[in-house]
Amino acid sequence: MKIAIAGKGGSGKTLVAGSFSYLLARAGYKTLAIDADSAPNLGSLLGLSAPETTTIMPVSKNEDLISTKTKTGYPGVYSLNFSVADVIGKYAVPTPTGAHLLVMGTVSSMGGGCTCPANSVIRALLRHLLVERDEMVVLDMEAGVEHLGRGTAENVDIMLVASDANRQSLAIAETILRMAQDAGIPRTALIGNKIANPGQEQIIQDFARTREIAIAGMIPSDDTVTKAGITGDSVISLQNSPAFAAIREILAGICMVANENTSLQNGKTTL
């Protein structure tokens with residue numbers, strides 16, 4: 001199953017992506033977490049130290065890798081026919097959560113229809129991960145809506161968008177969900193996050209109902225999450241928190257709908 005998590009900056013999408021990755025790996029799944037944000041910080045949530053995260057070079061910035069994959073020997077001409085099967089083994093980093101992390105990065109100059117070498121490598125790598133490999137993939141998307149225009153989330157099974165009750169956050173979430181549906185992503189849903197009271201939950205429920213948007217679940221506002229963000233603790237420290245419990249319930253529901261409950265009973269522990 002391939003899951004993409006999107007949302008406005010500060011929506012909590014990385015918390016959801018990190019928690020999903022940890023839960024799936026803990027349940028026995030081979031899990032790859034992909035950080036596709038332009039400001040990557042998924043590594044710290046997966047338990048990597050600050051020095052460890054700073055040494056990871058995003059694929060989009062790895063000039064040696066990009067050159068090796070696309071060079072032809074002719075100036076200004078590069079190959080579109082190359083294999084990326086070896087990239088995971090070389091560049092995916094093991095984390096304390098049990099999931100492996102691949103920092104993808106973004107191509108700032110990409111634009112619509114760009115075929116620059118870095119973009120070609122990223123798109124080929126994502127297609128390999130999302131279509132050809134049989135493992136759990138959790139994709140922490142770039143904040144905002146630009147990534148959908150770049151085709152970054154093609155071939156995922158489900159796009160989840162995190163949002164609090166803020167009107168601007170919900171508006172961005174709606175745009176992402178509509179674009180995901182137009183792109184042919186099979187399942188899309190909204191996750192309510194940082195819910196401090198019943199009134200905020202009702203705002204999100206009403207917003208989704210009037211727009212016929214599915215809701216995957218609600219995550220309560222949680223001081224444990226806030227403190228972990230301040231101290232830099234990983235999702236492992238959140239195991240007993242209300243927010244983590246809500247995220248676990250959301251993931252269990254997704255797996256059930258996707259008929260993954262059978263594989264959960266086949267040598268895997270419960271989420």
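What comes next concerns the included structure. (Residues numbered from 1 in each chain as written. Predicted model: local features only at pLDDT ≥ 70, side-chain atom pairs only at ≥ 80, totals over all residues. Heavy atoms only, no water.)

## Here we look at helix α4 (residues 63-70)
For step 1, the next point in the chain: Taken together, the buried positions of α4 are occupied by Leu 65, Ile 66, Lys 69 and Thr 70. Down the axis of α4, the buried set is contained in an arc of 105 degrees. They therefore lie on one face. Of the exposed residues in α4, those oriented more than 90 degrees away from the buried face are Glu 63, Asp 64 and Thr 68. (Buried < 20%, exposed > 50% of the residue type's maximum accessible area, 1.4 Å probe, protein only. Helix = DSSP H or I, 4+ residues; strand = E, 2+ residues; numbered from the N terminus. Arc of directions from axis to C-beta.)

## Considering the nonpolar core
For step 1, the next point in the chain: The biggest cluster of nonpolar side chains holds 40 residues, and the ones touching the most others in it are Met 104 and Leu 125.
For step 2, the next point in the chain: With near-sequence residues (within four places) excluded, Leu 125 lies in contact with Val 59, Val 84, Val 87, Ile 88, Leu 102 and Met 104.
For step 3, the next point in the chain: Membership of the second largest hydrophobic core comes to 38 residues, among which are Ile 3, Leu 42, Leu 46 and Ala 189. (Core = buried A, V, L, I, M, F, W, Y, C linked by side-chain atoms within 4.5 Å. Contact = heavy atoms within 4.5 Å.)

## Some details on the pattern of salt bridges
For step 1, the next point in the chain: Counted according to the given criterion, the structure contains five salt bridges.
For step 2, the next point in the chain: As a salt-bridge pair, Arg 209 and Asp 206 come within 2.9 Å of each other at their nearest N and O atoms. Placement of both Arg 209 and Asp 206 in helix α9 (residues 198-210) is noted, with a separation of three residues, approximately one turn of the helix.
For step 3, the next point in the chain: Its relative accessible area of 27% is what places Asp 206 among the partly exposed residues.
For step 4, the next point in the chain: Connected via shared salt-bridge partners are Lys 13, Asp 37 and Asp 140. (Salt bridge = Lys/Arg side-chain N within 4 Å of Asp/Glu carboxyl O.)

## Looking at the packing of helix α8 (residues 167-182) against α9
For step 1, the next point in the chain: Put simply, α8 and α9 touch, their axes get as near as 12 Å, and they point 35 degrees apart. Considering only the axes of α8 and α9, their crossing is right-handed. Residues Leu 170, Ala 171 and Glu 174 of α8 form the contact with α9, whose own contacting residues are Ile 203, Ile 204 and Phe 207.
For step 2, the next point in the chain: The residue inventory of the contact of α8 with α9, partitioned by class, reads five nonpolar, no polar and one charged. (Axes fitted to C-alpha atoms, helices over the stretch in contact; angles between N-to-C directions. Left-handed = near helix turned anticlockwise from the far one by under 90°. Nonpolar A, V, L, I, M, F, W, Y, C, P; charged D, E, K, R; others polar.)

## Brief notes about the packing of aromatic side chains
For step 1, the next point in the chain: Taken as a whole and judged by the stated rule, the model has one aromatic pair.
For step 2, the next point in the chain: Plain terms: the ring middles of Tyr 22 and Phe 244 are 6.0 Å apart, the flat faces sit at 50 degrees to each other, and that makes the pair tilted. Here Phe 244 lies in helix α11 (residues 242-257) and Tyr 22 lies in helix α1 (residues 13-26), a separation of 222 residues in the sequence. Summarising the burial analysis for this pair, Tyr 22 and Phe 244 share the class buried.
For step 3, the next point in the chain: In this structure, Arg 26 packs its charged tip against the face of Tyr 22, placed 5.2 Å from the ring centre.
For step 4, the next point in the chain: Stacked on the ring of Phe 207, the Lys or Arg Arg 211 has its end atom at 3.8 Å from the ring centre. (Phe/Tyr/Trp six-rings, centres within 6.5 Å; stacked < 30°, edge-to-face > 60°. Lys NZ or Arg CZ within 6 Å of the ring centre and 35° of its normal.)

## Observations concerning the environment of Arg 127
For step 1, the next point in the chain: Mapped onto the elements, Arg 127 comes out in helix α6 (residues 117-132).
For step 2, the next point in the chain: Residue class for Arg 127 comes out partly exposed when judged on its relative accessible area of 46%.

## Describing the pairing of strand β6 (residues 158-163)
For step 1, the next point in the chain: The buried fraction of β6 amounts to six of the six residues, a majority that puts the element mostly inside the structure.
For step 2, the next point in the chain: Residues Ile 158, Leu 160 and Ala 162 point to one face of β6 and Met 159, Val 161 and Ser 163 to the other, with burial holding for every one of them.
For step 3, the next point in the chain: Strand direction decides the pairing type here: strand β1 (residues 2-7) and β6, joined by five bridges, are parallel. What sits directly across from Ile 3, in β6, is Ile 158.
For step 4, the next point in the chain: Of the strand pairs in this sheet, β6 and strand β7 (residues 187-195) are connected by six bridges, and their pairing is parallel. The partner of Ala 162 across the bridge, within β7, is Ile 191.
For step 5, the next point in the chain: This β-α-β element, β6 to α8 to β7, shows right-handed connectivity. (Pairing = 2+ DSSP bridges. Right-handed = clockwise from strand over helix to strand, strands pointing away.)

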